Amino acid sequence: MEKKFTSAKTKSLPSRVPRYTSYPPANHFKGSITNCQTQFWLQTVPKKSEISLYIHIPFCRSLCWFCACRTQGLAKRSNALGEYLKILKQEIDMIRKTLPMDVTVNSLHLGGGTPTILSEDQITDLLSHIKNRFQFTKKFQFSVEIDPTEIDQPRMNALKKFKINRASVGVQDFNPTVQQSIGRTQTFEQTKHCFDMLRKAKVASINVDFLYGLPTQKKDGFVKTIRSILDLNPDRIAMYGYAHVPWIARRQIMINHQDLPKENDRKALMEAGRDIIMTHGYLPIGIDHFATPKDPLALAENAKLVCRNFQGYNDHHSDNIIGVGASAISHFTHGYAQNAVSTREYMERISKNEFATTRGHAFTLDDKICGHVVEQLMCYFEVSLQDLERRFGKAAADTCQKISADPNLQLVGDSTYRIAAEPHLNARRVASCFDEYKTNFKAHSMAI
Ligand code: SF4
């Protein structure tokens, strides 16, 4: 019987679901994954393969109320950054010694927190340390998350020396009332100055992150923020829904719950944002990213090569992404391993010369099948049964049956099923139907 599709069908789907930057979501990681497992996974990375490195700098000058990232303040007159850097370098040495000698690095990402809180000398010290220990591939990508209130020309010069070619700039919203309600001040002028420095440094791809659904946010002000962002001509835009999860991010209790837009208003903000961005010629990527047609992310989209990981949507896949630093998560071919979330515990473990893994997840074959379905739905809103059978053989039979019976998916090709109603709004919710770990969804953020 032919399936009938209405948006009413999606009403039965949960409204709070994971963001699916990993599968299973990180709240299902278990303490059974230890430093021994990390050591083994590092040792068994295939010889001559390419890896990606993610370095986490958890410190920020001040902590913004809305932010759910794993960050911490910096005590005045302390040498916390210097001590942390020393331990980071020690962990990098441990990783280098454990990996096969001939692996190469295809990308390096500095994330946080605020990576540019490091001084010019500290940036140079860290990057030289990595460069002296790893061989970079010809197409090596070096990306950095940049806080426009925490960057100056000397630090930019240090990044340029190591050929930064991608940057992600956080904006949130330029409206002063919204900024006041989220505990973060950042002017358009600061952001523009940051963009000017990045362009002068010949950074090829600049991304801007901003949020809809923030407290006191109204459509007019939001549209004004987007127009200001578009004036800067970013190569990529990520428009995330603000996730109000004070039970996870304690500092969000500073935000007045009454000021948050209701679900319909969130949706209206998001749709208004999409319309303006796409009218300016950006191509939509997945649920919340946009790119200019010439940007590598848009080219990857056209070639069906976009993948999803902890940094969101990405234009290149790496079988092994190795996380360095407190709370950093490594994504190996066979599973995830997360370092101690507490910076103190992380530093103590590394200083004893042992990996700081405290939890993670080893993939089963079912995880790989479901993870692939979830990733395809999140990236392309569709999944091909033929592709699943080619990758996983008979083991994918049950999942294929589940896909063909799912009321939210519609057959659009020989064996391709696509999310039938408003895919960019429903991808997380439909993906959750293939999540075998779906317990306690209420702990997650709103899907829209
Ligand atoms: S928004 Fe940026 S500066 Fe503010 S707490 Fe989060 S990571 Fe730190």
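Small disclaimer: the values here were computed from a predicted structure and weren't measured.

Analysis parameters
Residues numbered from 1 in each chain as written. Predicted model: local features only at pLDDT ≥ 70, side-chain atom pairs only at ≥ 80, totals over all residues. Heavy atoms only, no water. Salt bridge = Lys/Arg side-chain N within 4 Å of Asp/Glu carboxyl O. Helix = DSSP H or I, 4+ residues; strand = E, 2+ residues; numbered from the N terminus. Buried < 20%, exposed > 50% of the residue type's maximum accessible area, 1.4 Å probe, protein only.

Participant: How should I be thinking about the pattern of salt bridges in this particular structure?
Facilitator: When the charged atoms of two side chains lie near each other, side chains of opposite charge can form a pair. Under the counting rule described, the total for this entry stands at 21 salt bridges. Here Arg 166 ties to Asp 315 by a salt bridge, and the two come within 2.6 Å at their closest N and O atoms. With a gap of 149 residues between them, Arg 166 in strand E4 (residues 166-172) and Asp 315 in the loop between strand E10 (312-314) and strand E11 (321-324) connect regions that are remote in the sequence. Exposure class is identical for Arg 166 and Asp 315. Each is buried. Residues Asp 295 and Arg 236 are paired through a salt bridge, measuring 2.6 Å at the closest nitrogen-oxygen approach. Linking Asp 295 in the loop between strand E8 (289-291) and helix H9 (296-302) with Arg 236 in strand E6 (residues 236-241), this pair joins segments that are 59 residues apart in sequence. As far as the burial class goes, Asp 295 and Arg 236 line up, both buried. Overlapping salt bridges, with partners in common, bring together Arg 61, Glu 150, Asp 152 and Arg 155 in one network.

Participant: I would appreciate a short explanation of unusual backbone geometry in the present structure.
Facilitator: Leave glycine aside and you will find that most residues have negative phi; peptide bonds, for their part, are mostly trans. Looking along the chain, the bond that leaves Tyr 23 and enters Pro 24 is cis, with omega of 0 degrees. Topologically, Pro 24 is positioned in the segment before helix H1 (35-43). For Lys 163, which is not glycine, the phi dihedral falls at a positive 60 degrees. Residue placement: Lys 163 occurs in the loop between helix H4 (153-161) and E4. For Asn 233, which is not glycine, the phi torsion reads 55 degrees and is therefore positive. Within the secondary structure, Asn 233 sits in the loop between helix H7 (219-231) and E6. Residue Asn 233 is classed as exposed on the basis of its relative accessible area of 51%.

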